[in-house]
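# Report on the structure
These are the residues of each chain, in order.
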Amino acid sequence: MRFLQALFRHPSGRIGASIIAIYLGVALLGALGLTPHNALKQFPIDRLKPPSLLYLMGTDLLGRDTLSRLMLGIGQSLVVAFGSVAIATVAGTVIGLLAAWWGSLWDGVLMRLMDVLLAFPAILLALLIIAIVGPGPFTSVTAIAIVYTPIFARVVRGPALSLKRREFVDAARTFGSSQAYILTRHLLLNLIAPLTVQVTLALAWALLTEAGLSFLGLGTQPPAPSLGLMLSESRNLMQHAPWLMLFPGLAIMLGILGFNLTGDALRDILDPRMQGRPA
Amino acid sequence: MTASPLLRVRDLRVGFGRQPAANEVLKGVSFELAAGETLAVVGESGSGKSVMALSVNRLVDFGGGRITGGGIELCRRDGSILDVTGATEHDLRHVRGRDIGMIFQEPMTSLNPVHTIGRQIEEAFRLNRGITGGAARAAAREVLERVRIPDAKTRLDYFPHQLSGGMRQRVMIAMALASSPRLLIADEPTTALDVTVQAQIMALLAELRAETGMAMIFITHDIGLVAGIADRILVMQAGLAVEQGETTRLLDHPEHDYTRHLLKAVPHFSAGQATRKDGKRDGAALPIVKVEGLVVRFPVGTGLFRPKGAVHAVDGVGFDLLPGETLAIVGESGSGKSTIARAILGLIEKTRGRVTAGAGHTRRPIQMVFQDPFASLNPRLDVESLLAEPAVANRQRRDAGVRDRMRLLLDRVGLPQDALSRYPHQFSGGQRQRLCIARALMLNPDVVVLDEAVSALDVSVQARVLELLIDLQREFGLAYLFISHDMAVVERISHRVAVMYAGEIVEIGDAAAVLSSPQHSYTRRLIAAVPSVDRRHRHFAVDATQVPSLVRPAGYEPAAARWREAGNDHRVRLEADA
C-alpha cells in the first residue's frame, strides 16, 4: 500500500509505526494466551524476584510474572484506547459535520453542548459514570470517548464550514446531488487527512488517560492487569522492587511516543502541499 | 555610445529549487531601459514575466529563486553603476524603494489591514527619505493628492478595508511614489480591478509618468492594455523573450509567431464589429428560460426585531433566453451578475420574482460552469467519479450507458480517454475547465450558465475554450447564459448582451447593437474603458464616478423601471435625470 510505504519512508513515521506494530503484536500474543507465564496465577515462593532469565522483568508481591502481566496490560490499554477513540471519532465527526452543514441554530446548540463537555476533565466524568455503572474498562472507554467527542467535533467543524462554501459543493447542488452524497463524498472525503492525524494523537492521549484512570482504581479492576494498575500496585514497593514500576512506566511512555511520532509523520504525509499523487 | 541606460539586463537566468541551474524559469532575457522609458512585458502565466520583474530588485530571493547567470546593472542616482546580481542585501535595501518602486497585483494583500493608510504612507517616507512627524504627514497627504484621491486629508485616517479596490491600488502607487523612484515596476497592477477602475489607474500612471519622468516596467497578460502606455514591448514565452521592439512596430508588424498569436487568436474588443453572425434570434421560438422581476436581497445589520436594511444585490431583473442563443450578462464586480446565476440555479434564495424553465428534455434543464476550475472540482475524486456525479444525483446507475456518455463528452471537449482514471490536479487550468464543461453536459441540459467560465484562464487557452463552447452550442443546441466582466470575450460569444449596473439591467439587446451603439451612460462608460490594440491612441480621462451603495433601509422599494426602445431588439433603461 502506497500509504504505508510513505509512512515507512518518513523518519519518525518509521519509528512510530514500528512501535505500534510491536505493541499490536504483543497484545495479540497476550490475548492468545501465549505469555511466558500465567499472568494471573500467584507463585508465593517467587515473590519480588528481580529480572532474571526465568522472569525477564521480575515478579510482583504475589509472585506473578511482570512480563506476562505487561503483555495483557498493553492489550487492555490498547482495547480501551482504540475503543474510546473510535467512538469519539464517529460521534465527533457526525456532530461536527451536522453542526457545520445545518449551521445557525443547530451549529450553536451542538457546539455549545460540546463546549460544556470540554469543560469536564476525564477523571471527573469517570467518577460520574462510576456512580452510575461502577468501575471497569467500560467506564474508561465511555469517559475517554465523551472527553474526545468535542475535540473531534471541533476538528471536523472548522474545515467542514470552509468546504461547505467551496464551489464543488455548489456544483454538486446544481446537479441535484443529495445531502447525504455531498456530506460523504465532498465533505467527509476531504476531511480524512485532518481526521487521521487527530485520531493518532488522540490514541496517545487515550492511552495515558486509561493508565491514569486505572492508577486511581477507576478503570481496570484487579486482578486483571493494566498498565496504570501495575504502576499503582508497585507504588509502595518502589525502593524494594524498582522493576515493578520501571517496565509499565516505560511501556506507557513508548506507546505514547509511538502514537505521537506516527501522528507527526501523518501530518507531514497528508499535508496538501505534499500531495503529489493521490493517496 | 550615449549615456548609459537606467537599467541593463543581459542574458538573465533565474532558477528555483535545490538545483537552480537545472530548474530555470528564466532562460536568458536581455533588454535595456532608458530613463523615463516605459517597457511593457507581456506574457501568459508561467512565461516568467513576474520572475523577471522580481529579479530586477532581487525580491526573487525571498521567493526561493536564485540568479544563475547573466547580469543586471542599475544606474544609480549619483551616476554610479550597481551590479544588482552581485549586490549584498544591505545595498539592495537602499535600492528597493529609493531607486526602484514596485506595485503588485492584489492591493488588499499588499496593505497591512491593522494600520491606517496614512501611517503606511508615512512609513514609506520615513524609511526612504528620513522624513518624520508632521512633515511626513504633510508629505503623505500631498502624495495622496497626487494619485487623485479626493478628500486626501480625511482619507489618511482610513483603514485599507474602508477603501475600494481602485482606491487601495492608488494608495499602493502613492507609497511607491513616496521615494520618487526612477523606476517603477508594476506587476499586473490592474488585473484584480474592474475595467472602468482599470482605465482610471492606467490614466493615472500615464499622468504620473509625464509628471515625474520615471521609467516603468509594466507587466501584464493583456497586450491591448499596454498598447496605449508603453514605449517598447517585450513579449515573453516559456522563460524567453521571443520578441521585443518599439510599440507601434511590434503591434503593426509582429515578427514572431507567438506575438502574432497574441494579437490575432486572442479575443480583442472591437466595439461590436466581431459579434457572432450565426444563430440570430428567431421570433417564433419559445423561451427556454424566462426570468421575471427577479429580486435578491441580503439582510444587513440586526435591528431589534428585524434587519435594519438590505443589500439590493439584484433588483427587478427580467429577461428571456431562447434555445440555442447566448445571452451575455456583463457588469462590474458587485453589479449582481453572479447573484442572478445563483438565483436561477437555486443556490441562493430569491426574495421575489419568477424563474421558469421551458419544457426541457430532462429533469434538470439548467446546468452551470463555475469560474474557478480549481475550486469547482473535488480534489479527492477521480474524473470518472466527478463525471458520474450528475448521473448518480439523478438516480441513474453508473452503467455502460453513462460511461459511454462520459467518453463521448471527454472526446468532444478534447480530453483523452485515459483521463477517466486521473485526478483533477493532474490537469491544467484549461483542461479542468473542459472537464467542468463535460460534467455540465452529462445530464444533457438545454441551458448552461457560464459564470465567468473563462476568466481564470490564460488568454490563448481562453480563446480555445470559447471556440469549444461555440462548437458545443451548435452541436447540442444549447442556450448559454454567459456571465462575464470581459467585454472582448463577450463580444466573441454572445448573440445578445445585458448590461448590469448596481443590481439592475440598464441596457439589453442584440450584441452588435449594444456594443457598437451603447445608449445608457454606464454602458458608454464601460465600453469606453475597455482597452484594445485598435484604440490605443485614444486617451482615457480620469473618471472617478463611484458605484452607488446597494445597501438600502428596510422597506425601501426602487421606483419602477421605465424603458425605451433604441432599435430592433435593443432596450435601454431611462436614467433618472433623463
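### Quick notes on the interface of chain B and chain A
- With 28 residues of chain B at the interface, the matching set in chain A holds 20 residues.
- Between chain B and chain A, the buried area comes to about 2,200 Å², and carbon and sulfur atoms account for 54% of it.
- Broken down residue by residue, the surface that chain B buries against chain A is led by L347(B), R380(B) and E389(B), which jointly contribute 29%.
- There are 1 salt bridge connecting chain B and chain A.
- Note that D170(A) and R342(B) form a salt bridge whose closest N and O atoms lie 2.8 Å from each other.
- In this structure, the connection of chain B to chain A is made through 12 residue pairs in polar contact (both at pLDDT 80 or more).
- At the level of secondary structure, the elements contributing two or more residues to the side of chain B that touches chain A comprise α12 (337-345), β15 (366-369) and α13 (383-393) of chain B.
- The class makeup of the residues in the side of chain B that touches chain A is 14 nonpolar, 8 polar and 6 charged.

### Examining the packing of helix α2 (residues 11-31) of chain A against helix α10 (residues 243-269) of chain A
Residues and elements named next belong to chain A.
- Where α2 meets α10, the axes come as close as 7 Å, and the angle between the chain directions of the two elements is 135°. The angle between α2 and α10 falls in the class oblique. Here α2 runs over α10; the crossing is left-handed. In contact with S12, G13, I15, G16, A17, I19, I20 and Y23 of α2, α10 contributes L250, A251, I252, L254, G255, G258, F259, L261, T262 and A265.

### What about the pairing of strand β10 (residues 240-246) of chain B?
All names here are of chain B.
- Relative to β10, strand β9 (residues 232-237) runs antiparallel, the two being bridged by 6 bridges. Bridging from a neighbouring strand, I233 pairs with G245 of β10.
- Once β9 ends, the chain turns through 2 residues before running back antiparallel as β10, passing A238 with a positive phi of about 50°.

### As for the domain arrangement of chain B
- Domains assigned within chain B are domain 1 (7-264), domain 2 (282-361 + 473-578) and domain 3 (366-444).
- One C-alpha centre belongs to domain 1 of chain B, the other to domain 3 of chain B, and the line joining them spans 40 Å.

### Some details on the pattern of salt bridges
Residues and elements named next belong to chain A.
- In the structure shown here, the tally under the stated rule is 38 salt bridges over all chains.
- For R173, the salt bridge identified is with D170, shortest N-O distance 3.6 Å. Here D170 and R173 lie together in helix α7 (residues 167-175), a separation of 3 residues that amounts to about one turn.
- On the basis of relative accessible area, D170 is assigned to the buried category, the value being 8%.

### Side note on the nonpolar core
- Within the largest apolar cluster, 63 residues are counted, with the highest numbers of intra-cluster contacts made by I437(B), L469(B) and F482(B).
- In terms of residues, this core owes the most to one element, helix α16 (residues 459-476) of chain B, which gives 7 residues.
- Two domains share this core, each providing at least three of its residues, namely domain 2 (282-361 + 473-578) and domain 3 (366-444) of chain B.
- Within the second largest apolar cluster, 60 residues are counted, among which are A143(A), A172(A), I182(A) and L237(A).

### Comments concerning unusual backbone geometry
- For the peptide bond that leads from P222(A) to P223(A), omega is 10°, which places it in the cis range.
- Positive phi values are uncommon outside glycine, yet S104(A) reaches one of about 30°.
- Its place among the elements puts S104(A) in helix α4 (residues 104-118).
- Look at E188(B): it is not a glycine, yet its phi comes out positive at around 45°.

### Regarding α12(B)
Residue and element names in this part refer to chain B.
- Counting buried residues in α12 gives 8 out of 9 residues, a clear majority hidden from the surface.
- Buried within α12 are the following residues: K337, T339, I340, A341, R342, A343, I344 and L345.
- A positive phi of about 80° marks G346, the residue just after α12.

### Thoughts on the sheet that holds strand β21 (residues 563-567) of chain B
Residue and element names in this part refer to chain B.
- Strand order in this open sheet of 8 strands is β15-β16-β17-β13-β18-β19-β22-β21, and the pairing throughout is mixed. Both edges of this open sheet fall to β15 and β21, since each of them pairs with a single strand only. For this sheet the average axis-to-axis angle between neighbouring strands, irrespective of direction, equals 20°.
- The pairing of strand β19 (residues 504-510) with strand β22 (residues 570-573) spans 3 bridges and is classified as antiparallel. Paired with E507 across the bridge in β22 is V572.
- Against the sheet, helix α19 (residues 521-529) touches β13 (326-330), β18 (496-501) and β19, its axis set at about 105° to β18.

### Here we look at the packing of aromatic side chains
Residue and element names in this part refer to chain A.
- Per the stated rule, a full pass over the model turns up 3 aromatic pairs over all chains.
- Relative to F259, the ring of F82 lies with its centre 6.2 Å away and its plane at 75°, an arrangement referred to as edge-to-face. One end of the pair, F82, is in helix α3 (residues 66-102); the other, F259, is in helix α10, and 177 residues separate them in sequence.
- Since its relative accessible area comes to 36%, F82 is described here as partly exposed.
- Judged by centre distance (5.3 Å) and plane angle (50°), the rings of W102 and W106 are tilted.
- Its relative accessible area of 43% is what places W102 among the partly exposed residues.
- Residue classification places W106 among the partly exposed positions, given a relative accessible area of 48%.

### Concerning the environment of D418(B)
- Tracing the backbone shows D418(B) in the loop between α14 (400-412) and α15 (429-441).
- Residues D418(B) and E349(B) lie 69 residues apart in sequence; the distance between their C-alpha atoms is 40 Å.

### A few points about the side chain of Q120(B)
- With respect to the helices, strands and loops of the structure, Q120(B) is situated in helix α4 (residues 117-129).
- Not counting chain neighbours up to four residues away, the residues in contact with Q120(B) comprise L111(B), N112(B), H115(B), P160(B) and M175(B).

### Examining the environment of A479(B)
Residues and elements named next belong to chain B.
- Topologically, A479 is positioned in strand β17 (residues 479-484).
- Distance from A479 to G324, taken between C-alpha atoms, is 4.3 Å for residues 155 residues apart in sequence.
- In this structure A479 touches I288, L321, L322, P323, G324, E325, D446, V447, V448 and Q473, once residues within four positions along its chain are discounted.

### Comments concerning the pairing of β9(B)
Residue and element names in this part refer to chain B.
- Counting buried residues in β9 gives 5 out of 6 residues, a clear majority hidden from the surface.
- In this sheet, β9 lies alongside strand β3 (residues 38-42) in parallel orientation, the contact comprising 4 bridges. Bridging from a neighbouring strand, V42 pairs with V235 of β9.

About the criteria used
Residues numbered from 1 in each chain as written. Chains lettered and ligands numbered in written order. Predicted model: local features only at pLDDT ≥ 70, side-chain atom pairs only at ≥ 80, totals over all residues. Heavy atoms only, no water. Contact = heavy atoms within 4.5 Å. Buried area = accessible area lost by both parts, 1.4 Å probe. Salt bridge = Lys/Arg side-chain N within 4 Å of Asp/Glu carboxyl O. Polar contact = N/O pair within 3.5 Å; in protein donor to acceptor, adjacent residues only side chain to side chain. Helix = DSSP H or I, 4+ residues; strand = E, 2+ residues; numbered from the N terminus. Nonpolar A, V, L, I, M, F, W, Y, C, P; charged D, E, K, R; others polar. Axes fitted to C-alpha atoms, helices over the stretch in contact; angles between N-to-C directions. Parallel < 35°, antiparallel > 145°, perpendicular 65-115°, else oblique. Left-handed = near helix turned anticlockwise from the far one by under 90°. Pairing = 2+ DSSP bridges. Domains from an automatic or database assignment. Buried < 20%, exposed > 50% of the residue type's maximum accessible area, 1.4 Å probe, protein only. Core = buried A, V, L, I, M, F, W, Y, C linked by side-chain atoms within 4.5 Å. Phe/Tyr/Trp six-rings, centres within 6.5 Å; stacked < 30°, edge-to-face > 60°.

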